[in-house]
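The chain contents come next:
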Protein chains: 2
Amino acid sequence: MEKLDGLETPRLLLDADRLARNCAAMRERCGALGVRLRPHLKTAKSLEVARVALAGETAAITVSTLHEAEYFARNGYRDILCASGIVPGKLAHAARIQRESGCDLILVTDALAVVEAAAQFAQQNGITLSFLIEIDCGEHRSGQLPDAPEVIAIARAFHAAPQLRLRGVMAHAGHSYGADEPSAVVPIATAERDAAVGAATRIRAAGMACEIVSIGSTPTVLMADHLAGVTEARAGIYMFWDLAQLSRKVCRAEDLAVSVLTSVIGHTRHANTLILDAGALALSKDIGANRLMPDAGYGWLCDPRTMQRLGALAVNTVHQEHGTVLVDDVRWFDRLPVGSQVRILPNHACITCAGYGAYDVVRDGAIVARWERVNGW
Amino acid sequence: MEKLDGLETPRLLLDADRLARNCAAMRERCGALGVRLRPHLKTAKSLEVARVALAGETAAITVSTLHEAEYFARNGYRDILCASGIVPGKLAHAARIQRESGCDLILVTDALAVVEAAAQFAQQNGITLSFLIEIDCGEHRSGQLPDAPEVIAIARAFHAAPQLRLRGVMAHAGHSYGADEPSAVVPIATAERDAAVGAATRIRAAGMACEIVSIGSTPTVLMADHLAGVTEARAGIYMFWDLAQLSRKVCRAEDLAVSVLTSVIGHTRHANTLILDAGALALSKDIGANRLMPDAGYGWLCDPRTMQRLGALAVNTVHQEHGTVLVDDVRWFDRLPVGSQVRILPNHACITCAGYGAYDVVRDGAIVARWERVNGW
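Calculation criteria
- Residues numbered from 1 in each chain as written.
- Chains lettered and ligands numbered in written order.
- Predicted model: local features only at pLDDT ≥ 70, side-chain atom pairs only at ≥ 80, totals over all residues.
- Heavy atoms only, no water.
- Contact = heavy atoms within 4.5 Å.
- Buried area = accessible area lost by both parts, 1.4 Å probe.
- Salt bridge = Lys/Arg side-chain N within 4 Å of Asp/Glu carboxyl O.
- Polar contact = N/O pair within 3.5 Å; in protein donor to acceptor, adjacent residues only side chain to side chain.
- Helix = DSSP H or I, 4+ residues; strand = E, 2+ residues; numbered from the N terminus.
- Pairing = 2+ DSSP bridges.
- Axes fitted to C-alpha atoms, helices over the stretch in contact; angles between N-to-C directions.
- Buried < 20%, exposed > 50% of the residue type's maximum accessible area, 1.4 Å probe, protein only.
- 1 Å grid on protein atoms, 1.4 Å probe; cavity = no way out; pocket = protein on both sides within 12 Å on 5 of 7 lines; lining within 4 Å.
- Points joined across faces, edges and corners; volume = space filled by probe spheres on them.
- Least-squares fit on C-alpha atoms with pLDDT ≥ 70 in both.
- Expected span 1.5 Å × (residues − 1).
- Arc of directions from axis to C-beta.
- Parallel < 35°, antiparallel > 145°, perpendicular 65-115°, else oblique.
- Left-handed = near helix turned anticlockwise from the far one by under 90°.

*Asks:* Honestly, the interface of chain A and chain B in this entry has me stumped. Any pointers?
*Replies:* Buried accessible area, meaning the area lost when the parts come together, often serves as the stated size of an interface. On the side of chain B, 54 residues touch chain A, which itself brings 54 residues to the contact. Overall, the association of chain A and chain B removes approximately 4300 Å² of surface from exposure, summing both partners, and the carbon and sulfur fraction of that is 59%. Three residues stand out in chain A for area buried against chain B, namely A:R141, A:Q320 and A:W377, and they jointly supply 18% of the buried area on that side. For the interface between chain A and chain B, the tally reads 4 salt bridges. Between A:K285 and B:D286 there is a salt bridge, and its shortest N-O distance comes to 2.9 Å. For the pair chain A and chain B, the number of links is 18 residue pairs in polar contact (both at pLDDT 80 or more). Elements with a minimum of two residues in the side of chain A that touches chain B: strand 11 (258-268), strand 12 (273-276), helix 10 (280-283) and helix 12 (349-353) of chain A.

Pasting the structure below:
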């Protein structure tokens, strides 16, 4: 087992015990709500993390790209929801994933034009394609409003196409991330549930089946008072958590499972700064946690062994490969000599992790595994 | 030759003609200044781009990580400056790169502790390591001030170590990126030159050699009135340019060589938005261009063939895989139907490109090559 101080920095560390605990908690939560957990793998992009999330089963999952879908399909997953709107130019790839793996790949759209193109494509190629209709539950990013006539028009277009299967509806309350307090998430969770269930009810009332009613964002799944009428919940960031979620008080500091191991590469004493080898590429330029936690910077500095925060130190500025840390006391230069390591808790795990090809998995201060990620498109 | 509309989005496009023109212009500029161009490959991270930058020669280059150094060393480059401060924990990797490739790898530090550790490491391993001392020319990110006693103390420590070679000094005027006008770069370029030349003069006056006097940032190399005393210039972003550089007026819109090809995946008419499949991972969360060009957003939308900007459209919001574009006229929904493609000019090419494993190289509207990038660490 390799020790942390033998690693060449920057490296992406994943705490195995925290990951396992976070995943167990979400499975328990969805069990209590009576919905299937369809974990979103866009954050982790890892087969091994998916196994932990699903307690070893290759059950239903969510992904954000066809590249991820293909990776999981090749590795035995048979029920995959690709939750970003599909376009006609990607249908051939979707069909290839289905054909090569035999998986049930569920696509998403809110556009009649896509249904028409998919109907033609499926007929020409003699295949079946499955879809959910995306419903806007208040974020206004994408989706049809739950009571819009387009919902029924799109559902009818699916039913008119013999080789398309309308499986259901999905809503995503991304605006739950804008809530300042967990209590402010409760009405957003209600709106997400009502939008999805409402659209499903309309589709059924029009005489069509609507088997899947899918909702999800980590905060809304945690804060919903009930999920009656919902069949499944999608969530992803709960596996890792991050400073942005901590700033929203939906997790605790000791839940944060992902960190960046970095080295002090210089002391710029005349500027009162420590320089790290973790900059914009190693941490990302996401500073989302700063809205509610203005001292988050580009990430908190922690002791590499205890994971306790080092005073109030944060990465204050980033360049491509440099992170700059303002120090409030010159004694930090003695405590963190050039060559020493620190761990950074990132703002937004989804974005930070994307800079790395793999996780170094940590347990009891040692590296116990290396888990690959499936990045890109 | 594949056409753009046959590509599955998002994809990173590199315009071959613009790249060649940009590279030729910088070679000419450095020739006029009488300094060697040591192109910085941290932006491009590509062997093929390096070949264009150096007009086919495998001459001296700059990189930002040992991972990049290893990639270029394995591919024939023999004079590589790794321009981020090294730490003792990376010396074994640096030594391995030298041993396996036979390249002259030049490391950088501003810390006496690193010199001492490197001296011990080199002696124990029977190898020679080459270094530049980093000089702070006003950015105050890293480096010793040019007149600090530490410069001479570090130089003496190098000279006292029989297996270390002090090759020279380097300065980087990263604060030139903060200048609002090209004219404001001129005094920064003067300060960069004076810092590097001044430190070299002090080292020589103390009886030690200082062969290399290295400066660079694209804006200062372009705007310096002369570079007397400097031996080489490092620059990287000039190969691609981006909106941040355009906002500083150090390039023209028609010089921007890198763009992201993306598809319209939805029309959210009730929110007056187009949704793209290029979000935070495909574009990055860098919004540096907005300080001087508030309409830059996360990138300008351009016609995929003509590269003309589409009205005033920009990516206004990003989520992981979604980009949201506010439209000022509903006719955009007709002009950009779901499934159509646009090209995004990014804020900061160094960061945007890092999301991709390769460039699709474009000439005359068709893909003529695919060039791999060396990402990560």
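Still to come is the rest of the account.
*Asks:* Looking at this model, I keep getting lost on the sheet that holds strand 10 (residues 232-233) of chain A. Mind explaining?
*Replies:* Backbone-to-backbone hydrogen bonds pair the strands of a sheet. The strands run either parallel or antiparallel. Residue and element names in this part refer to chain A. Across the sheet, 8 strands lie side by side as 3-10-9-8-7-6-5-4; this open sheet has parallel pairing. Where the open sheet ends on each side, the last strands, each with one partner, are strand 3 (36-37) and strand 4 (61-63). Bridge count for strand 9 (residues 212-215) against strand 10 is 2 bridges, and the pairing is parallel. Across the sheet, S214 pairs through a bridge with E232, a residue of strand 10. Together, strand 7 (129-135), strand 8 (164-171) and strand 9 form the strand contacts of helix 7 (residues 182-205), whose direction differs from that of strand 9 by roughly 160 degrees.

*Asks:* Help me understand unusual backbone geometry in this model?
*Replies:* Phi is mostly negative for residues that are not glycine, and the peptide bonds are mostly trans. Residue and element names in this part refer to chain A. The omega torsion across T9 and P10 is -5 degrees, close enough to zero to call that bond cis. Following the sequence through the fold, P10 ends up in the loop between strand 1 (2-3) and strand 2 (11-15). A positive phi angle, near 55 degrees, is found at W241, a position not held by glycine. On the secondary structure map, W241 appears in the loop between strand 10 and helix 9 (243-247). In this structure W241 comes out as buried when scored by relative accessible area, which is 6%. Within the chain, N272 stands out as a residue other than glycine whose phi angle is a positive 55 degrees. The residue N272 is located in the loop between strand 11 and strand 12 in this model.

*Asks:* Looking at this structure, I do not really get empty space enclosed by the protein. What am I missing?
*Replies:* Space left empty within the atom packing is revealed by a probe, the size of a water molecule, rolled over the atoms. Applying the stated criterion across every chain yields a total of 5 cavities of 30 Å³ or more. Taken as a whole, the largest cavity spans an internal volume of roughly 160 Å³. A:T9, B:S64, B:T65, B:L66 and B:K90 are, among the 16 residues lining the largest cavity, the residues nearest its centre.

*Asks:* Before we go on, may I ask you to explain the sheet that holds strand 6 (residues 104-109) of chain B in this structure?
*Replies:* Residue and element names in this part refer to chain B. The 8 strands are arranged 3-10-9-8-7-6-5-4 in an open sheet whose pairing can be described as parallel. Two strands in the sheet have a free side with no partner beyond their single neighbour: strand 3 (36-37) and strand 4 (61-63). In this sheet, strand 6 lies alongside strand 5 (residues 79-82) in parallel orientation, the contact comprising 3 bridges. Within the sheet, the bridge partner assigned to D79 lies in strand 6 and is D104. Strands strand 6 and strand 7 (129-135) of the sheet are contacted by helix 4 (residues 91-101), whose axis makes an angle of about 160 degrees with strand 6.

*Asks:* Just to check I follow, could you spell out the relation of the copies chain A and chain B for this structure?
*Replies:* Each of the two chain copies can be brought onto the other by rotation about an axis and movement along it. The two copies are related by a screw operation: chain A maps onto chain B through 180 degrees of rotation and 0.0 Å of translation along the axis, at an RMSD of 0.0 Å. Viewed as a symmetry operation, the transformation between the two copies matches a two-fold axis. No C-alpha of chain A lies nearer the rotation axis than that of A:K285, which sits 2.7 Å from it. In this assembly, 100% of the residues forming the interface of chain A have copies in chain B that are likewise at the interface, indicating an isologous arrangement.

*Asks:* Help me understand the pairing of strand 19 (residues 366-372) of chain A in this model?
*Replies:* Within a regular beta strand, the side chains point alternately toward one face of the sheet and then the other, so they alternate between its two faces. All names here are of chain A. Pairing between strand 1 and strand 19: 2 bridges, direction antiparallel. Looking at the pairing, E2 lines up with I367 of strand 19. Where strand 18 (residues 358-363) meets strand 19, 6 bridges bridge the pair, whose relative direction is antiparallel. What sits directly across from V361, in strand 19, is A369. Hairpin connection, strand 18 to strand 19: the antiparallel pair is bridged by 2 residues, and D364 has positive phi, about 50 degrees.

*Asks:* What is the right way to look at the pairing of strand 2 (residues 11-15) of chain B in this model?
*Replies:* Residue and element names in this part refer to chain B. Burial analysis of strand 2 places 4 of its 5 residues in the buried class, which makes it a mostly covered element. Taken together, the 4 bridges between strand 2 and strand 11 (residues 258-268) define a ladder with antiparallel strand orientation. Its bridge partner being in strand 11, L12 is matched across the sheet by V260. The pairing of strand 2 with strand 18 (residues 358-363) spans 3 bridges and is classified as parallel. Its bridge partner being in strand 18, L14 is matched across the sheet by V361.

*Asks:* Explain the side chain of B:D286 here, please?
*Replies:* Residue and element names in this part refer to chain B. Locating D286 in the fold gives a position in the loop between helix 10 (280-283) and strand 13 (300-302). When its relative accessible area of 4% is taken as the criterion, D286 is described as buried. Of the polar contacts made by the side chain of D286, one reaches the backbone nitrogen of G288; its length is 2.8 Å.

*Asks:* I keep staring at helix 1 (residues 16-33) of chain A and nothing clicks. Help me out?
*Replies:* All names here are of chain A. With 18 residues, helix 1 should cover 26 Å at 1.5 Å per step; its first-to-last C-alpha distance of 26 Å lies within 8% of that length. Listing the buried residues of helix 1 in full gives A16, R18, L19, N22, C23, M26, C30 and L33. Down the axis, helix 1 shows its buried residues gathered within 165 degrees of arc, on one side only. Turned more than 90 degrees off the buried face of helix 1, the exposed positions are E28, G31 and A32.

*Asks:* Is there a simple way to explain the pattern of salt bridges in this structure?
*Replies:* Oppositely charged side chains can form a pair if their charged atoms are brought close together. Enumeration according to the criterion identifies 44 salt bridges over all chains in this entry. Among the charged side chains, a salt-bridge network with shared partners connects A:R36, A:R38, A:D79 and A:E232.

*Asks:* Sorry if this is basic, but what is going on with the packing of helix 4 of chain B against helix 5 (residues 112-125) of chain B here?
*Replies:* Residue and element names in this part refer to chain B. Orientation of helix 4 relative to helix 5, taken along the N-to-C sense of each, is 50 degrees, at an axis distance of 11 Å. As judged from the angle between their axes, helix 4 and helix 5 are oblique. Here the hand of the crossing between helix 4 and helix 5 comes out right-handed. Contacts from L91, A92 and A95 of helix 4 reach helix 5 at A117, A118 and F121.

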